[in-house]
Amino acid sequence: MRKLCPNIDKDDGLETVLEVPIPEEMFTSMGSNVTLRWQNMLTWMKAQTSDKWSAPVIAGRFNELRFLLYLVGSPLIPLQVQLGHSVHRPVRDSSIQASTAKYIVQQYTAATGGQAALNSVTSMCVTGQVRISASDFHQGDMSLEVKKSAAESGGFLLWQKNPDLWCLELVVSGCKVICGSNGKLSWRHSSNQQTPISQGPPRPLRRFLQGLDPRATALLFADAMCIGEKIINGDDCFILKLETSPAIREQQSGPNYEIIHHTIWGYFSQRSGLLVQFEDSRLLRMTNKGDDTDVFWETSTESVIQDYKYVDGLNIAHSGRTRVKVFRYGEQSANHKREMEETWRIDEVDFNIWGLTMECFLPPADIDKKKQGY
């Protein structure tokens, strides 16, 4: 990962620290030699303004990248994780499915370092790299193929103090997305600022639950149900299922859209106790106020979690693959579907970061003015 940029204007000037480290692959694709690559990167950084993105060709490519980064690179989970609650929930008066799930979560807690190690973490900083590819939108039931040859590479920087206090910066092929949560609201916006800043209640980033934050994962599945077993990549796994309540779905819905359901599954290895696959499925209904027609968006996401390694006593996943399937259908809309894939790798993980204050998680000024006291 590249972390420093030379001072192109002054040969004897100090190097500049990049806000988001970028993978070598992304840097190599920017030119035929090192000097040209840094010049092209400087040009790209200076072009992060709305007037530079107004050209139709550039705007079209940017909208495609933003779609991928929002849906694959930075999705959120609609359930809030309450840190004040204990992972060890009482099993008295619980069903067999619920008590089994609680036992599986306790085994997962032990496999990732134990309750004491998980509770010792107050903050986290993660850098990593991603590679995202996608198929085109296709109509009907024809089979899809993700275009691996057209994959986009990039890197990300992630800060966290708790599941509702975090900030993610993600850069892929010249497009930057920033999203975060300050404990009162969550937001997401892109580098060109031409589109409205999306916002909503505080929610955890899905990437945390892909093996990065064992404590949040254990708390999330503490109220799940064990619905059976399944073999994942040759590994016998327990299946834990969690349904989003109607109250939470209503809170997450907006004036023009409604979340009909959102279901989460976790696959925990019977051999190691670790989470090896994480899935969620969401059905969204969007209403066109002009003609009162509904369009449905169904999104299914599957993450395979791999390469667990101990960092300061915690067992953290360092790589994986996420596949997303999107279906769009409705009365006045033709049926379309699309598939996307992200492979990711963690380069560095650090815990208990000194000096990480609330100011590090402030929302954009536009939100702050409109949503005071949210």
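Since the model is a prediction, treat every value here as computed from it, not as a measurement. (Residues numbered from 1 in each chain as written. Predicted model: local features only at pLDDT ≥ 70, side-chain atom pairs only at ≥ 80, totals over all residues. Heavy atoms only, no water.)

Caption draft 1: Geometry of the layout of surface pockets. Of the volumes computed, that of the largest pocket is approximately 1200 Å³. Counting residues per element, the ones that place at least two in the lining of the largest pocket are α3 (56-73), β8 (186-190), β9 (198-200), α7 (246-252), β12 (257-269), β13 (275-288) and β14 (293-311). When its residues are assigned to classes, the lining of the largest pocket shows 17 nonpolar, 14 polar and six charged. (1 Å grid on protein atoms, 1.4 Å probe; cavity = no way out; pocket = protein on both sides within 12 Å on 5 of 7 lines; lining within 4 Å. Points joined across faces, edges and corners; volume = space filled by probe spheres on them. Helix = DSSP H or I, 4+ residues; strand = E, 2+ residues; numbered from the N terminus. Nonpolar A, V, L, I, M, F, W, Y, C, P; charged D, E, K, R; others polar.)

Caption draft 2: Representation of helix α6 (residues 214-221). The buried fraction of α6 amounts to eight of the eight residues, a majority that puts the element mostly inside the structure. Buried residues of α6: Pro214, Arg215, Ala216, Thr217, Ala218, Leu219, Leu220 and Phe221, and no others. Along its buried surface, α6 packs onto α4 (96-111), α5 (115-119), β11 (235-243), β12, β13 and β15 (314-330). (Buried < 20%, exposed > 50% of the residue type's maximum accessible area, 1.4 Å probe, protein only. Contact = heavy atoms within 4.5 Å.)

Caption draft 3: View of α4. Its 16 residues place the ends of α4 23 Å apart at the C-alpha level, agreeing with the 22 Å of an ideal helix rising 1.5 Å per residue. Regarding α4, the residues found buried are Ala98, Ala101, Lys102, Ile104, Val105, Tyr108, Thr109 and Ala111. Residue Gly113 follows α4 closely and has a positive phi angle near 135°. (Expected span 1.5 Å × (residues − 1).)

Caption draft 4: Focus on empty space enclosed by the protein. Tallying each qualifying case throughout the model produces one cavity of 30 Å³ or more. The wall of the largest cavity is formed by 15 residues, among which Val121, Met124, Gln160, Asp213 and Arg215 lie closest to the centre. At the level of elements, β5 (152-162) and α6 are the ones that each hand at least two residues to the lining of the largest cavity. The element that contributes the greatest number of residues to the lining of the largest cavity is β5, accounting for three residues. When grouped by side-chain class, the residues that make up the lining of the largest cavity number eight nonpolar, four polar and three charged.

Caption draft 5: Local environment of the side chain of Thr112. By the secondary structure assignment, Thr112 is in the loop between α4 and α5. Residue class for Thr112 comes out buried when judged on its relative accessible area of 0%. Within the structure, the side chain of Thr112 is placed 3.0 Å from the backbone oxygen of Tyr108, a separation counted as a polar contact. Side-chain polar atoms of Thr112 contact the backbone oxygen of Thr109, separated by 3.1 Å. With residues up to four places along the chain from it excluded, the contact list for Thr112 reads Leu118, Pro214, Leu274, Gly313, Leu314 and Asn315. (Polar contact = N/O pair within 3.5 Å; in protein donor to acceptor, adjacent residues only side chain to side chain.)

Caption draft 6: Focus on the nonpolar core. Counting residues in each nonpolar core, the largest one holds 65 residues, and the members touching the most others are Phe221, Leu240 and Phe278. At six residues, the largest contribution of residues to this core is made by α3. In this structure Phe221 touches Val105, Leu240, Ile264, Trp265, Gly266, Phe268 and Phe278, once residues within four positions along its chain are discounted. Counting residues in hydrophobic clusters, the runner-up holds five residues, among them Cys237, Ile239, Tyr267 and Val276. (Core = buried A, V, L, I, M, F, W, Y, C linked by side-chain atoms within 4.5 Å.)

Caption draft 7: Representation of the packing of aromatic side chains in the model. If you walk through the whole model with that rule in mind, you get five aromatic pairs. On the basis of an interplanar angle of 80° and a centroid distance of 6.2 Å, the ring pair of Trp166 and Phe208 is categorised as edge-to-face. Of this pair, Trp166 sits in strand β6 (residues 165-172) while Phe208 sits in the loop between β9 and α6, placing them 42 residues apart in sequence. Across this residue pair, the class does not change: Trp166 and Phe208 are buried. Aromatic pair Phe221 and Phe268: ring centres 5.5 Å apart, planes at 90°, arrangement edge-to-face. In this pair, Phe221 sits in helix α6 while Phe268 sits in strand β12, placing the two residues 47 residues apart along the sequence. The exposure class of Phe221 is buried, given its relative accessible area of 0%. We classify Phe268 as buried; its relative accessible area is 1%. One residue, Arg188, lies across the ring of Tyr70, its end atom 4.4 Å from the ring centre. For Arg207, the ring lying beneath its charged end belongs to Phe156, and the centroid distance is 4.8 Å. (Phe/Tyr/Trp six-rings, centres within 6.5 Å; stacked < 30°, edge-to-face > 60°. Lys NZ or Arg CZ within 6 Å of the ring centre and 35° of its normal.)

Caption draft 8: Summary view of the pairing of β14. In this sheet, β14 lies alongside β13 in antiparallel orientation, the contact comprising 12 bridges. From the neighbouring strand, Leu283 faces β14, where its bridge partner is Glu298. By the bridge criterion, 16 bridges tie β14 to β15 in an arrangement that is antiparallel. Within the sheet, the bridge partner assigned to Val304 lies in β15 and is Arg321. Following β14, the chain reverses through two residues before pairing antiparallel with β15; Asp312 in that reversal takes a positive phi of roughly 50°. (Pairing = 2+ DSSP bridges.)

These results come straight from atomic positions and should not be treated as a statement about function.
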